[in-house]
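Residue-level structural notes
Each chain, written out:
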Amino acid sequence: MSARTAQFLIAAVFLGLGGWALFAPASVIELAITEPYRDSAYLSRFTMACFGAQAVLFGLMALVTRWNATSFAIFAVLLLPFFGFNYWFHYQVPVLTSIGMLDFAGNVTMLALAVLGWRAAMREAA
């Protein structure tokens, strides 16, 4: 796998999940948030859409920039706290449903791609 392919696949995760939150925020709330924490008020849908918009923005930036080995390494390190978020809000405070744990699956995928991208970028730079 090339570094560019890894980067595009990372972008795809952001565009897919972020696009879902941006264009169908009520669906995300209904499917990904447990009933005690679910709120269908306008502000909740608006906030979810804003979250999605930021993810889509990052996904688009990942498509148009060129990452090097350092970029992949920094991204991997900065991704680590999100695993704590997933653990806390699924197991300690059960906000996220099993479908909500798609966020965790996306994070695992992106972490693996960041490692693969880092390796590929190191090879390509040599």
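Refer to the structure printed above.
In what follows, the accompanying structure is described. Please read all numbers here as calculations on a predicted model, not as lab measurements.

Turning our eyes to something else, we now look at the overall build of the protein. Per the secondary structure count, the protein includes five helices and zero strands. Counting only C-alpha atoms, the protein reaches 55 × 30 × 20 Å along its principal axes. Counting over 126 residues, the protein shows a buried share of 36%. The contacts in the protein between residues at least 6 apart in sequence include a share of 76% that link residues at least 24 apart. Total accessible area on the protein is roughly 7,400 Å²; 73% of this is exposed by carbon and sulfur atoms. The average position of the 6 basic charges and that of the 5 acidic charges among the side chains of the protein differ by 16 Å.

This next bit is on the environment of Ala 76. Checked against the element boundaries, Ala 76 lands in helix 4 (residues 69–92). A sequence separation of 42 residues divides Ala 76 from Trp 118, and the C-alpha atoms of the two residues are 9.2 Å apart. Non-local contacts of Ala 76, meaning those with residues more than four positions away in its chain, are made with Leu 111 and Ala 114.

All right, on to a nonpolar patch on the surface then. Together, Met 1, Leu 9 and Leu 116 make up a nonpolar patch on the protein surface, roughly 260 Å² of accessible area in all. Assessed through its relative accessible area of 37%, Leu 116 is described here as partly exposed.

What counts, and at which threshold
- Residues numbered from 1 in each chain as written.
- Predicted model: local features only at pLDDT ≥ 70, side-chain atom pairs only at ≥ 80, totals over all residues.
- Heavy atoms only, no water.
- Helix = DSSP H or I, 4+ residues; strand = E, 2+ residues; numbered from the N terminus.
- Buried < 20%, exposed > 50% of the residue type's maximum accessible area, 1.4 Å probe, protein only.
- Contact = heavy atoms within 4.5 Å.
- Areas by Shrake-Rupley, 256 points an atom, 1.4 Å probe, with all protein chains shown as cover.
- Lys, Arg positive; Asp, Glu negative; His and termini not counted.
- Charge placed at Lys NZ, Arg CZ, Asp CG, Glu CD.
- Patch = residues over 30% accessible without salt bridge, like charges linked within 9 Å, V, L, I, M, F, W, Y side chains within 5 Å.
- Salt bridge = Lys/Arg side-chain N within 4 Å of Asp/Glu carboxyl O.

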